[in-house]
Amino acid sequence: MTGLGATMVRAGRRLLSSLPALFGVLVFTFLLMRVLPGDPAVFFASGPNAGKEEIEQIRKQMGLDKSVPEQLVFYLSDIGHGNLGRSMMTGQPVLKDLRERLPASLELTFTALLIALIAAVPLGVLAALRPGSIVDHGVRLFCALGVCVPTFVSGLLLIYVFYYLLGLAPDPTGRIDVFTSVPPPRTGFLLIDFLLAGDIEGWWTACKQLILPAVSMALFVIAPLARITRASMLVSLGSDFVRTARSVGLSWRKVVVTYALRNAILPVITIAGIVFSTMLGANVLVEKVFSWPGVASYALDALLSSDYAPVQGFVLLMASLFVLVNLVVDICYGIADPRVSIG
Amino acid sequence: MRFVSFRSASSVLATTALLLIATAPSQAQTRAETLRYVTGASVNTLDPNIPGSTRESFALSMSTYDRLVAFGRKQLNGKWVFDLDKITGELAESYEVSPDGLKLTFRLRKDAKFQDGSPVTAEDVKWSLDRCVTAPILGKAQLLTGSLTSADQFKVVDPLTIEVTLPKPDKLALPNLATVYPMIINSKVAKEHATPDDPWATAWLKEHTAGSGAYVVESFKPGEQVIAKRNEAWNRGSPDKPAFFKRVIIQSVPEPATRANLVERGDADLVVDLQASDVQSLEAKGKLKVISTPQYNSITFVSMNNQIPPFDNVNVRRAIAFALPYDDMFKAALFGRGAPLFGATWPDGKPLNGIYPFQQPLKTDLDKAREYLKAAGLPEGFSTTFSFNVGQASTAEPMAALVKESLAKIGIKVDIQKLPDAQMSTQINEKKLPFFTEGIVAWLPSTDYFYRNFYTGNQRWNYSSINNPELAAIAQEARFEPDKAQYEEAGRKLNAMHFDLMPQVMLWQPNQDAVMASSIEGYTYEFHRQVDYRDVSRK
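These numbers were taken from a predicted model, which means no experiment stands behind them. (Residues numbered from 1 in each chain as written. Chains lettered and ligands numbered in written order. Predicted model: local features only at pLDDT ≥ 70, side-chain atom pairs only at ≥ 80, totals over all residues. Heavy atoms only, no water.)

**Overview of the overall build of chain B**
Where we set the bar: Counting from the N terminus, the helices are the DSSP runs of H or I reaching at least four residues and the strands are the DSSP runs of E reaching at least two. Within these notes, the globule rule equals 2.2 Å times the number of residues to the 0.38 power, and the radius of gyration is based on C-alpha atoms. Think of it in three bands: with a 1.4 Å probe and only protein chains considered, a residue is buried below 20% of the maximum accessible area for its type, exposed above 50%, and partly exposed in between. Only heavy atoms matter for contacts: two residues are in contact if any of them lie within 4.5 Å across the pair. Residue-level accessible areas treat just the shown protein chains as cover; the underlying method is Shrake-Rupley with a 1.4 Å probe.
When helices and strands are counted, chain B shows 18 helices and 20 strands. By the compact-globule yardstick of 24 Å for 539 residues, chain B fits well, its C-alpha radius of gyration being 25 Å. Seen through its principal axes, chain B has C-alpha atoms that stretch 85 × 75 × 45 Å. When the 539 residues of chain B are sorted by exposure, 58% land in the buried category. Contacts spanning at least 24 positions in sequence make up 71% of the contacts within chain B whose residues lie at least 6 apart. A total of about 21300 Å² of accessible surface is found on chain B, and carbon and sulfur atoms cover 53% of it.

Right, here's the structure in full:
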């Protein structure tokens, strides 16, 4: 109990100390967007008849007619009121866009990470148990392939094989078949919402839609996870306590899983946390290829058209998520190895 | 119970991760009555008048709102295209143009109803047109091109008659009323949502529709998809009946390869913006219907800034015009899918007619190009940059490489500059790019309209920044020229000046390649370069 309490206190302190960093990110992104070349007003006034007047009007609408310090003050006060501005691209408030799209990205990333972990940890353990063997080399080859093939290539390849050639996968557009009705949104995670609505058929539709993008993302991150598992297992297997456990005649399974793996899992958790954060931002290509309505493809579109508000909102969201993921990793540490909480 | 099924289902997922079952056949029935249209961009507003609205938004608004009048259609080389010269009534049962051309009278259909069931009245029409010329929206600049500038010009005569007065007889006044912006809005509903700051309800109409069109928006997810259902009461189509499809799904699929796959597998019914290479291979397979129409109201060109040296020298511009590798560019960028605007033969050295865009007698002739460079006093050539925007990279990138290669042969060193779209627009607007490629489109493609908008004034669309008082005067005069022969003569003069001054080099009119299931019929190339969902049906 005290261990858990200490973890929570530490987590709270962490959260507080990350606030200045978040503020820094906020100001930095704001300034960065303004120094980037390209006038969004001109871009958005691209209709066949948009002249100077229209450009001025859009500039005003986006608040660009004021000086940069003024804009910053307005922006910070808006953020304080929970207003992230309005996207010119979708015409919606950024907060609404992000709220609608974040679950899509999270669902995809979680699933991909889960698939990656399910594949990577056993692979890493196998490789560590027989270092230098054919299994080890096999794992190494698989990891290398996964890392060197960019996600959009593996994505397009998966689509080509499983959708175009074999017709096994549903059409790779969006989170759900266009003809299936969406469940009442509760969490925004379709897999959970369908279950809450008791619609198993719908759940399966959403699930099928999720598999290809999740697998193409997972392929890319299996390598770091498997390598870390392998390295950390090797250390753990060579340590005194494993030798002791072996010598007292504990079962192979107990030695490997309970003693070695439990000790080896800490770095894997750290890496999984980092991998998760990067995946969220980096899955833009997968989101594009699969028309996945997530936050990353949204931010990329916004960036290309110099739509300031969504990009700023996205960066803020990512920074906050990174802080949160770090917290979760900390807490997981405390649970996996209570010694971490001491001190 | 639910929990149990979750566990069994998730174990299925874990063990047979990639073993998927095919799409359930139970959806087949609704499929036949649904049109699934996939596109790269997305509908971002339900009111096309909002600055920043996309072409997809234009197309949707054509189906959700009616206008007073609509363009007819005609056959061009065996393909249906919109007809600028044939204007038919949409909400107007009939219209009259007074003999002096100053008064347009529209008689509304008695049976026309808004989607909420209330009748369409002349009051609604007036409010909508007033909004178009008064509110700070895109319609204002468009209607200006048809001499429609003030609310005083629209008068309600009786509940079913509205009169439009013009200061001068303007050929483009009537066609302007058939374009995207002057849509007729249910004024009672809109007024309910107007605020003192926003008297024209622009904020509300962006996310809601209050029209009388053939389709009602069922769900609208910007950036993802729009689902529209048929308005059963709508009868403004040519055969006087509701639109064919019960539902239309307009879905954004950013990856062009995926769009091609979708339509080839039969999951999507219709797509217009594929890559030229994909269209070519789909056409070769012969399973789908491919309708390729040259976008006769659009042009791709290489532009030179006539104010920046050395392009301010006409001989430099002529040198470029004869040094461009036309055939190779046309093949590399478009796979030859389009109508070339080079390689014409003018027997007596004069333009064949007064229509713009027109084919110029240009072909790659490096010796001629060298002569012009010498005449310009630059026999050794010069260095410059050639810019294009990222959004057009698939066609512009191979083109730029060829331009660079070909110009190198006459001593012009070209640096290729690939700019993000917003940056490119900004630089064009500020007139900073010396040499670049762009595409333009005009909804109402008449010769004077093109010349006035794209070759005069210090405005953004004057890409080449040409400043020629004579050209400007002829174009301005032609606008109100009632006599057809005189107008044609003015057009010929303008075209001859274009070839002589060579402000920019017109390259081609790219094809609009519409790829569709073989059962889809009635596709028409529309002025907004999107599909009008009311046109199409399934056999």
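Having seen the structure, we can now continue with the description.
**What to know about helix α10 (residues 200–237) of chain A**
Under the convention used in this document: One less than the number of residues in a helix, times 1.5 Å, gives the span that helix is expected to have.
Between the first and last C-alpha of α10 of chain A there are merely 44 Å, a value that for 38 residues lags more than 12% behind the 56 Å anticipated at 1.5 Å per step. Within α10 of chain A, 27 of the 38 residues are buried, leaving the element largely enclosed by the surrounding structure.

**Thoughts on the interface of chain B and chain A**
Convention followed: For any pair of parts, buried area is found by adding up, for both, the accessible area (1.4 Å probe) each one loses once the two are put together. Any carboxyl oxygen of Asp or Glu that lies within 4 Å of a side-chain nitrogen of Lys or Arg is treated as forming a salt bridge with it. Whenever two N or O atoms come within 3.5 Å, that pair is a polar contact, provided that in protein one can donate a hydrogen and the other can accept it, and provided that, for residues adjacent in sequence, both atoms are side-chain atoms. Gly is put with the polar residues, along with every residue not named as nonpolar or charged; the nonpolar set is Ala, Val, Leu, Ile, Met, Phe, Trp, Tyr, Cys and Pro, and the charged set is Asp, Glu, Lys and Arg.
Counting residues at the interface gives 62 residues for chain B and 59 residues for chain A. The contact between chain B and chain A buries some 5300 Å² in all, and 59% of this surface belongs to carbon and sulfur atoms. Viewed at the interface, chain A and chain B are joined by two salt bridges. Here Arg36 of chain B and Asp171 of chain A are joined by a salt bridge, their closest N and O atoms 3.2 Å apart. There are nine residue pairs in polar contact (both at pLDDT 80 or more) connecting chain B and chain A. With seven residues, the single largest contributor to the side of chain B that touches chain A is helix α1 (residues 2–15) of chain B. Taken together, the residues of the side of chain B that touches chain A break down into 26 nonpolar, 22 polar and 14 charged.

**What to know about the side chain of Asn235 of chain B**
Residue and element names in this part refer to chain B. One can find Asn235 in the loop between β9 (225–230) and β10 (247–252). Its relative accessible area of 17% is what places Asn235 among the buried residues. Here Asp111 takes part through its side chain, which lies 2.8 Å from a polar atom of the side chain of Asn235.

**A few points about the environment of Ala272 of chain A**
Residue and element names in this part refer to chain A. Within the element layout of this structure, Ala272 appears in helix α12 (residues 252–282). The exposure class assigned to Ala272 is buried, which follows from its relative accessible area of 11%. Sequence-distant contacts of Ala272, that is, excluding residues within four places in its chain, are made with Leu113 and Leu225.

**Section: the packing of helix α7 (residues 134–148) of chain A against α10 of chain A**
Residue and element names in this part refer to chain A. Condition: Only the stretch in contact is used when a helix axis is fitted, and all axes are lines through C-alpha atoms; the angle between N-to-C directions ranges over 0 to 180 degrees. Two helices cross in a left-handed way if the nearer one is turned anticlockwise from the farther one by less than a right angle. They cross in a right-handed way if the turn is clockwise.
In the contact formed by α7 and α10, the axes pass within 7 Å of each other and the chain directions differ by 145 degrees. As for the relative orientation of α7 and α10, their crossing is left-handed in sense. The residues of α10 that touch α7, namely those facing Asp136, Arg140, Phe142, Cys143, Gly146 and Val147, are Leu219, Phe220, Ile222, Ala223, Pro224, Ala226, Arg227 and Arg230.

**A word on the pattern of salt bridges**
Residue and element names in this part refer to chain B. What the rule picks out here adds up to 33 salt bridges over all chains. When the shortest N-O distance is used, the salt bridge between Glu283 and Arg337 registers 3.0 Å. In this pair, Glu283 sits in helix α10 (residues 276–285) while Arg337 sits in the loop between α12 (326–334) and β14 (338–340), placing the two residues 54 residues apart along the sequence. Glu283 sits in the partly exposed class, given a relative accessible area of 38%. The salt bridge partner of Arg492 is Glu488, with a shortest N-O separation of 3.9 Å. Here Glu488 and Arg492 lie together in helix α18 (residues 484–501), a separation of four residues that amounts to about one turn. On the basis of relative accessible area, Arg492 is assigned to the partly exposed category, the value being 30%. On the basis of relative accessible area, Glu488 is assigned to the partly exposed category, the value being 28%. Connected through salt bridges with shared partners, the residues Asp66, Glu90, Asp532 and Arg534 form a single ionic network.

**What to know about the nonpolar core**
Selection rule: The definition of a nonpolar core used throughout is a set of buried Ala, Val, Leu, Ile, Met, Phe, Trp, Tyr and Cys residues joined through side-chain atoms within 4.5 Å.
Among the nonpolar cores identified, the biggest contains 102 residues, and Phe106, Tyr523 and Tyr533 of chain B are the most heavily contacted of them. Other than its neighbours up to four places away in sequence, Tyr523 of chain B contacts Trp80, Val272, Ile291, Thr293, Gln512, Ala514, Met516, Val531 and Val536 of chain B. Core analysis: the next-biggest nonpolar cluster, separate from the first, contains 96 residues, Ala112, Ile222, Ala226 and Val275 of chain A among them.

**Quick look at the sheet that holds strand β7 (residues 161–165) of chain B**
Residues and elements named next belong to chain B. The test is simple: Strand pairing follows a simple DSSP-based rule, namely that at least 2 bridges must link the two strands.
Strands sit in the order β4-β5-β7-β6 across an open sheet of four strands; the sheet is antiparallel. Each edge of the open sheet carries a strand with a single partner, namely β4 (92–97) and β6 (154–158). Taking the axes of each pair of neighbouring strands and ignoring which way they run, one obtains an average angle of 20 degrees across the sheet. Pairing between β6 and β7: four bridges, direction antiparallel.

**Looking at the confidence of the model for chain B**
Residue and element names in this part refer to chain B. Convention followed: Values of pLDDT, the confidence the predictor places in each residue, fall between 0 and 100.
For chain B, the average pLDDT comes to 88, and 94% of its residues sit at 70 or higher. Averaged over each element, pLDDT in chain B is lowest for α1 (39) and highest for β7 (95). In the predicted structure, residues 1–28 sits below a pLDDT of 50 and forms 32 contacts with residues beyond four places in sequence or in another chain. Our summary of model confidence lists the complex with pTM equal to 0.82 and ipTM equal to 0.76.

**Remarks on the pairing of strand β2 (residues 69–76) of chain B**
Residues and elements named next belong to chain B. Bridge analysis of β2 against strand β3 (residues 79–89) gives eight bridges, and the strand direction is antiparallel. Bridged to Arg73 within β3 is Phe82. Adjacent in sequence and paired antiparallel, β2 and β3 are bridged by two residues, among which Asn77 carries a positive phi angle near 50 degrees.

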